[in-house]
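# Report on the structure
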Amino acid sequence: MRKNRLAVVSYWMVVWFIRLCTFLYVRGPRVEGRENVPKRGGVILVSNHLNNADPCVIPGALDRRIVTMAKKEMFKWPVINILFQMISAFPVDRQGADLGALREAQRTVNSGLPLLMFPEGTRSKDRQLHRGFSGSALIAYRTEAPIVPVAITGTEHLKWPLLFFKPFLGPKVTVRFGKPFYPRTVERITSQAAKEATDDIMVHVAELLPVEYQGEYRDAVARRAAEARALAAETV
């Protein structure tokens, strides 16, 4: 019990530090759709990824304690390593199927905490949304938890460490939270089912992004929008 209280206290200490940094070094973040994140219970937050600051900016935009899955390399960085330990983040090895990280992710969601994941597995260097890996879909199937798509823009303009010398002159940052949804029901969790669920997850993320960020999912977003318009026209 005492350990859990310390974890909660250390988490909010870091979050308020993050909020101070975002106040000083970015314009915003402007947060939209915060009400779409369930107030209790396990949930999977899936986001695009533009900058190493994203795993900090997104938790700072929410009033719930969340756990972040981040690339293992970040846990070797001074200061960042300490901050990640204080917010109970855990590492994932991007070079292969990290079963340990997947099990930890599943435990996190089953314990009733939100889990933040970046399905692309790495930062997008051209700000375009790229193909996602299936880890978030597998966890959604195994935990039966809702998925909340997240879109972040503007952090691609954050330049480390130059930003610390330019307070109040940072880029405009926006974080959007979409409505929660569940992957399509399947009889068995096959690799094909996980791939299709992953594509669906990524399209939900792309729908929250400006068109110039949608990347490989731009056509899928356009098709889904056209289908919605056609369906709406039929019901009039």
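Please refer to the structure placed before this passage.
My aim in this report is to walk through the structure given alongside it, one point at a time. Predicted, not measured: the structure shown is a model, and the values here were computed from it.

### Observations regarding the overall build of the chain
- Along its length, the chain carries seven helices and seven strands.
- Helices and strands appear in the chain in the N-to-C order α-β-β-α-β-α-β-α-β-α-β-β-α-α.
- Rg of the C-alpha trace for the chain: 18 Å, near the compact-globule value of 18 Å for 236 residues, within the 12% margin.
- Over its C-alpha atoms, taken along the principal directions, the chain stretches across nearly 55 × 40 × 35 Å.
- Per-residue burial over the chain gives 48% buried out of 236 residues.
- A fraction of 74% describes how many contacts in the chain between residues 6 or more apart in sequence connect residues 24 or more apart.
- Working note: accessible area of the chain is about 12800 Å², and carbon and sulfur atoms make up 58% of it.
- Positive and negative side-chain charges of the chain, numbering 34 and 22 respectively, have mean locations separated by a distance of 8 Å.

### Comments concerning the sheet that holds strand 1 (residues 27-32)
- With mixed pairing, the seven strands of this open sheet are ordered in space as 1-7-6-2-5-3-4. At either margin of the open sheet sits one strand with a lone partner, and together these are strand 1 and strand 4 (90-92). Strand-to-strand twist in this sheet, taken as the mean axis angle between neighbours without regard to direction, amounts to 25 degrees.
- Sitting on the sheet, helix 6 (residues 191-208) touches strand 2 (43-47), strand 6 (147-153) and strand 7 (172-177), and the angle it makes with strand 6 is about 45 degrees.

### Observations regarding helix 6
- Taking 1.5 Å of rise per residue, 18 residues should cover 26 Å, and helix 6 covers 26 Å from first to last C-alpha, within 8% of that figure.
- For helix 6, the complete set of buried residues consists of Ala 193, Ala 194, Ala 197, Thr 198, Ile 201, Met 202, Val 203, His 204, Val 205, Ala 206 and Leu 208.
- On its buried face, helix 6 sits against strand 2, helix 5 (135-143), strand 6, strand 7 and helix 7 (218-235).

### Points about the pattern of salt bridges
- In total, this model carries ten salt bridges according to the counting rule given.
- Between Arg 176 and Glu 32 there is a salt bridge, with its nearest N and O atoms 2.9 Å apart. Note that Arg 176 is positioned in strand 7 and Glu 32 in strand 1, a separation of 144 residues in sequence.
- Judged by relative accessible area, which is 22%, Arg 176 ranks as partly exposed.

### Comments concerning unusual backbone geometry
- With an omega of 0 degrees, the peptide bond running from Gly 28 to Pro 29 counts as cis.
- One can find Pro 29 in strand 1.
- With phi around 60 degrees, Arg 127 is a residue other than glycine that occupies positive phi space.
- Looking at the element boundaries, Arg 127 is found in the loop between strand 5 (114-117) and helix 5.
- Overall, the relative accessible area of 31% leaves Arg 127 in the partly exposed class.
- A positive phi is found at Phe 168, a non-glycine position, where the angle reads about 70 degrees.
- With respect to the secondary-structure elements, Phe 168 resides in the loop between strand 6 and strand 7.
- Among the residues examined, Phe 168 registers a relative accessible area of 51% and is labelled exposed.

About the cut-offs
Residues numbered from 1 in each chain as written. Predicted model: local features only at pLDDT ≥ 70, side-chain atom pairs only at ≥ 80, totals over all residues. Heavy atoms only, no water. Helix = DSSP H or I, 4+ residues; strand = E, 2+ residues; numbered from the N terminus. Rg over C-alpha atoms; globule rule 2.2 N^0.38 Å. Buried < 20%, exposed > 50% of the residue type's maximum accessible area, 1.4 Å probe, protein only. Contact = heavy atoms within 4.5 Å. Areas by Shrake-Rupley, 256 points an atom, 1.4 Å probe, with all protein chains shown as cover. Lys, Arg positive; Asp, Glu negative; His and termini not counted. Charge placed at Lys NZ, Arg CZ, Asp CG, Glu CD. Pairing = 2+ DSSP bridges. Axes fitted to C-alpha atoms, helices over the stretch in contact; angles between N-to-C directions. Expected span 1.5 Å × (residues − 1). Salt bridge = Lys/Arg side-chain N within 4 Å of Asp/Glu carboxyl O.

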